[in-house]
Structures are given as structure tokens and as C-alpha cells.
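What follows is each chain in one-letter form.
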Amino acid sequence: MAALLAVIGLAAFVVVALIALGFRDDLEVLHQVIGRIKPYLAGLHLLAIGALWLAWPWLTRRLPAHWPDEARAAFLGARHRICIGLLFIELIVVLGIPFGHSM
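First, a word on scope: everything that follows refers to the structure included in this document. Treat the numbers as computed from the prediction; the structure is a model and nothing was measured. Each residue is numbered by its place in its chain's sequence as written, counting from 1. Where totals are concerned, whole chains, interfaces and linings use all residues; where local detail is concerned, this predicted model gives features only for residues with pLDDT of at least 70, and gives and counts side-chain atom pairs only at 80 or more. Just so you know, side-chain values use all the structure's heavy atoms and leave hydrogens and water out.

1. Focus on the overall build of the protein chain
Where helices and strands are cited, they refer to DSSP runs of H or I of at least four residues and of E of at least two residues respectively, numbered from the N terminus. Looking only at helices and strands, the protein chain features 4 helices and 0 strands. Helices and strands appear in the protein chain in the N-to-C order α-α-α-α. Whether two residues are in contact is decided by their heavy atoms, any of which lying within 4.5 Å being enough. A separation of at least 24 residues holds for 46% of the contacts in the protein chain among residues at least 6 apart in sequence. Every accessible area reported is derived by Shrake-Rupley at a probe size of 1.4 Å, with residue values counting cover from the shown protein chains alone. Taken as a whole, the protein chain presents about 8,100 Å² of accessible surface, with 74% of it coming from carbon and sulfur.

2. Overview of helix H4 (residues 79-94)
Here H4 contains 16 residues, and its C-alpha end-to-end distance of 21 Å stays within 8% of the 22 Å for a straight helix at 1.5 Å per residue. Here's how the labels work: a residue is buried when its accessible area is under 20% of the maximum for its type, exposed when over 50%, partly exposed in between, all with a 1.4 Å probe on protein chains only. By the burial criterion, the buried members of H4 are Arg-79, Cys-83 and Glu-90. Looking straight down H4, one finds its buried side chains confined to an arc of 15°; they lie on one side. More than 90 degrees from the buried face of H4, the exposed residues found are Arg-81 and Val-93. In a helix, the anticipated span is given by 1.5 Å times the number of residues less one. Regarding the arc, it is the one traced by the directions from the helix axis to the C-beta atoms.

3. Structural notes on the packing of aromatic side chains
Here is the rule: rings of Phe, Tyr and Trp (six-membered ring for Trp) pair when centre to centre is within 6.5 Å. Planes less than 30 degrees apart are stacked, more than 60 are edge-to-face, and the remainder are tilted. Enumeration according to the criterion identifies 2 aromatic pairs in this entry. With a centroid separation of 4.8 Å and an interplanar angle of 25°, the aromatic rings of Trp-56 and Phe-75 are classed as stacked. Taken together, the residues span a long stretch of sequence, with Trp-56 in helix H2 (residues 27-61) and Phe-75 in helix H3 (residues 69-77) at a distance of 19 residues. A residue is classified by how much of its surface remains accessible, and Trp-56, at 5% relative accessible area, is buried. Pairing Trp-67 with Phe-75 gives two aromatic rings, centres 6.1 Å apart and planes at 75°, and the pair type is edge-to-face. Its relative accessible area of 30% is what places Trp-67 among the partly exposed residues. Taking the relative accessible area as the measure of exposure, Phe-75 reaches 25% and is therefore partly exposed. Each residue in the set Trp-56, Trp-67 and Phe-75 is aromatic and connected to the rest through ring pairs, giving one cluster.

4. Examining the packing of H3 against H4
Comment: axis = line fitted to C-alpha atoms, over the contacting stretch for helices; angle = value between 0 and 180 degrees taken between N-to-C directions. The geometry of H3 relative to H4 is characterised by a closest axis approach of 4 Å and an angle of 35° between their N-to-C directions. Here Phe-75, Leu-76 and Gly-77 of H3 come into contact with H4, specifically with Arg-79, His-80 and Arg-81. Three categories are distinguished: nonpolar for Ala, Val, Leu, Ile, Met, Phe, Trp, Tyr, Cys and Pro, charged for Asp, Glu, Lys and Arg, and polar for the others, with Gly belonging to the last. Considering only residue class, the contact of H3 with H4 consists of 2 nonpolar, 2 polar and 2 charged.

5. Brief notes about the side chain of Arg-72
You can see Arg-72 is positioned in helix H3. An unpaired buried charge is present at Arg-72: no salt bridge exists, and Asp-69, the closest side chain of opposite charge, is 4.4 Å distant. Setting aside its immediate chain neighbours within four residues, Arg-72 contacts Thr-60, Arg-61, Leu-63, Pro-64, Ala-65 and Trp-67. Charge counting follows a simple rule: Lys and Arg are positive, Asp and Glu are negative, and His as well as the terminal groups are ignored. A pairing counts as a salt bridge when a side-chain nitrogen of Lys or Arg comes within 4 Å of a carboxyl oxygen of Asp or Glu.

Right, here's the structure in full:
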């Protein structure tokens, strides 16, 4: 169900983007649009990482029943390491924070 909603959301985003750009091939217009929405996309990334961080225990409980308890505990224990790693990737690669190439 979640995958279907993600595909529908992506398709809706593509349709809205095509309408907003007016079906143009002009790369300068595309560059300007991406430059304008980049802060919002970075904010969405950060919100998604935060939502994952908060939902991690719930996701752990939803693992299939055949997972051993030790694997569930290890998965739950990896929560902070994985989410901090995702935050670092977002800050360094996407936003370029320490290198001065941010938004």
C-alpha cells in the first residue's frame, strides 16, 4: 500500500512539474526552478529522516515474525547510527555545509 502511494505521489509530482515548466526543454528554466525549490526539498529530506528516526521502534515491531529477537534488538540498536549517518550525508553531500556550497 505504501509503495503504491509513493508511486502515485511521484507520478503526481511529475505531472505538476511538467505543467509548471510548460513542457519546455530550456535547461536554464529548469536550473532556475530547481534552484528555487532546493531549500524545500532539503527540508523534506530532513523531515523524512526525522520521521524515520521517530518511527524506527514502530518499524522494528512490524518486522516479520520469523526474525529472531537478537536481530530485532540489533536493528533497533542501529537506529541512531543509521539516522545520524543519513543526516551527515544530507548535510555534506546535498547541502555542502562544511564546504560553503550550500543552497
